[in-house]
Amino acid sequence: MASRVFALLQIRYSFLLLLNLLVGFGLCHIPSTLEGPFDPVTVPFDTALRGVAVDLPATDPRVRRRVQGFEPEQISLSLSTTHDSVWISWITGEFQIGFDVMPLDPKTVSSVVQYGSSRFELVHEARGQSLIYNQLYPFEGLQNYTSGIIHHVRLTGLEPSTLYYYQCGDPSLQAISDIYYFRTMPISGPKSYPGKVAVVGDLGLTYNSTTTIDHLASNEPDLLLLIGDITYANLYLTNGTGSDCYSCSFPQTPIHETYQPRWDYWGRFMENLVSKVPIMVVEGNHEIEKQVENKTFVAYSSRFAFPSEESGSSSTFYYSFNAGGIHFIMLGAYVNYDKTAEQYNWLERDLASVDRSITPWLVVTWHPPWYSSYEAHYREAECMRVEMEDLLYSYGVDIVLNGHVHAYERSNRVYNYNLDPCGPVYITVGDGGNREKMAINFADEPGHCPDPLSTPDPYMGGFCATNFTFGQKISKFCWDHQPDYSAFRESSFGYGILEVKNETWALWSWYRNQDSYKEVGDQIYIVRQPDICPIRTLYHQRVNRDCVASI
């Protein structure tokens, strides 16, 4: 009987997927109030297959150092603001960890990339800058860390949608990498998009994480977005002892320690993918990593190249870039975001500069979600929502991507907790596979609505999550059923793929790790409707207000 039910569900799922594809190709019509695939149906799955999140040990061959001397390792790509420029990053030399470390001198190794459109003719050369960083603790018994030499080189003058070959290192030291390749983004325009954009959050370096990346790579993405919480190095003491819950296992430590070699392990594991596919990251709470002199986010800001300067930002926490006809904005939830802050002013300038006739799609990402129905981190980022939601809504943001909650959830279009055809679709993909526990309980389940006073993140500051004052949930802090804004939710490890088809349609697919590589767990066509959702910019609002005032 169970097999017959399973077969029927498979048939129904296939039918809905086919119907969804027909809609996407214009062969079938749905009312403008709907987002496909109508009645999301997923194939039954065994929750036991979610797996146990166990970190890869330092002895795993995928994370061990495989180069000699100053040969490059941990090679990665990232985008600049437009198709004609990319960043190449890598590390040379060995990190040190102990009580008495001696930093390497970045000046001893040059930062050189040789590249060209033929692997046999790397006729172009670019040079960049190098640095090291330290993670230091002013407490007896804690080990200090100093990194290898980190190199960042920007390539410019590249052609769109073109395959380039490159090698990096220091030719004068005969410390040069193998030859790698990458493809540039398509030129920005309403008919021009990258094939697949992979999205993952809260990744870490567990056996589940490796499954996520293996599955993700099989989809052959053109770009990877990592929505915060990268390595989880801060779940470890400086002696390498780790835990699923730092505060539970190490409540007496004088400072929240980290084990920085986990960053190097992560970089080695990811190299096979991100040396060919650009990766764009945004910070999460696990990147805070407080150290001496109250310095924070040092590893995050040092190890990756960001198009901050190119996009008019003065910070690694927020920046923007184009990928074909998509304008991506990466925001920082753990740096000041209120209306008087530089980040807010930068965001307003960046939004005002977007030409939707060239980049019709506007996608924004940051780490903690505004719209999540899970008990974990419920309404934690409410102050950020209060400050920024009106601005994003007024500029017609299409999609918001978040992590932080260790599960998957997709919203209906929503604004200020109400269904709104002009609001963004919010998607939480904090299910990359890290070693912390998966979020399973929902805030609308009996006994799982958190105390409002427990919700603020002290690092984000402020308390804004009070009881609702409108609608059916008036005077309540949580819903008593799945919220109207929540369209689909599930606790499974996985990742997402965004495929923008044209200026109107984008296909979003979410994949579970325990399924086959190509089996979809959730899928929807997201439809832009600029004809019914004109962009109501704050600039226009101010002009109108000023005109009225002058009259």
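Residues numbered from 1 in each chain as written. Predicted model: local features only at pLDDT ≥ 70, side-chain atom pairs only at ≥ 80, totals over all residues. Heavy atoms only, no water.

Q: I'm lost on the pattern of salt bridges in this one. Help?
A: Two side chains with opposite charge may pair up if their charged atoms get near one another. Taken as a whole and assessed by the stated rule, the structure comprises 25 salt bridges. Notably, a salt bridge pairs arginine 62 with aspartate 60, separated by 3.0 Å at the nearest N-O pair. For arginine 62, a relative accessible area of 32% gives the class partly exposed. The shortest N-O distance in the salt bridge between arginine 528 and aspartate 398 comes to 3.2 Å. (Salt bridge = Lys/Arg side-chain N within 4 Å of Asp/Glu carboxyl O. Buried < 20%, exposed > 50% of the residue type's maximum accessible area, 1.4 Å probe, protein only.)

Q: Looking at this model, I keep getting lost on the sheet that holds strand S14 (residues 223–226). Mind explaining?
A: To summarise the sheet geometry, strands pair through backbone hydrogen bonds and adopt either a parallel or an antiparallel arrangement. Taken in spatial order, the six strands make up an open sheet running S15-S14-S13-S24-S25-S26, and their pairing is mixed. Every interior strand has two partners, whereas the edge strands, strand S15 (279–281) and strand S26 (522–527), have only one. Taking the axes of each pair of neighbouring strands and ignoring which way they run, one obtains an average angle of 20° across the sheet. Across four bridges, strand S13 (residues 197–200) lies against S14 in parallel orientation. Bridged to valine 200 within S14 is leucine 226. Taken strand by strand, helix H2 (residues 207–218) contacts S13, S14, strand S24 (494–500) and strand S25 (505–512), and its axis lies near 25° from that of S24. Each of S14 and S15 touches helix H4 (residues 261–274); the most contacted strand, S14, lies at about 150° to it. (Pairing = 2+ DSSP bridges. Helix = DSSP H or I, 4+ residues; strand = E, 2+ residues; numbered from the N terminus. Axes fitted to C-alpha atoms, helices over the stretch in contact; angles between N-to-C directions. Contact = heavy atoms within 4.5 Å.)

Q: Just to check I follow, could you spell out the environment of isoleucine 535 for this structure?
A: Here isoleucine 535 is to be found in the loop between S26 and helix H8 (538–550). Under the relative-accessibility criterion, isoleucine 535 is labelled partly exposed at 34%. Separated by 141 residues in sequence, isoleucine 535 and serine 394 have C-alpha atoms that sit 6.0 Å apart.

Q: Would you mind showing me how to read the packing of aromatic side chains here?
A: Applying the stated criterion across every chain, the model contains 38 aromatic pairs. Centre to centre, the rings of phenylalanine 321 and phenylalanine 328 are 5.1 Å apart; their planes meet at 20°, and the pair counts as stacked. On the basis of relative accessible area, phenylalanine 321 is assigned to the buried category, the value being 1%. Phenylalanine 328 gets classed as buried once you look at its relative accessible area, which sits at 0%. The lysine or arginine in question, arginine 379, covers the ring of phenylalanine 468, its NZ or CZ lying 4.1 Å from the ring centre. Above the face of the tryptophan 361 ring, arginine 528 is positioned so that its terminal group lies 5.8 Å from the ring centre. (Phe/Tyr/Trp six-rings, centres within 6.5 Å; stacked < 30°, edge-to-face > 60°. Lys NZ or Arg CZ within 6 Å of the ring centre and 35° of its normal.)

That is the geometry; function is a separate question.
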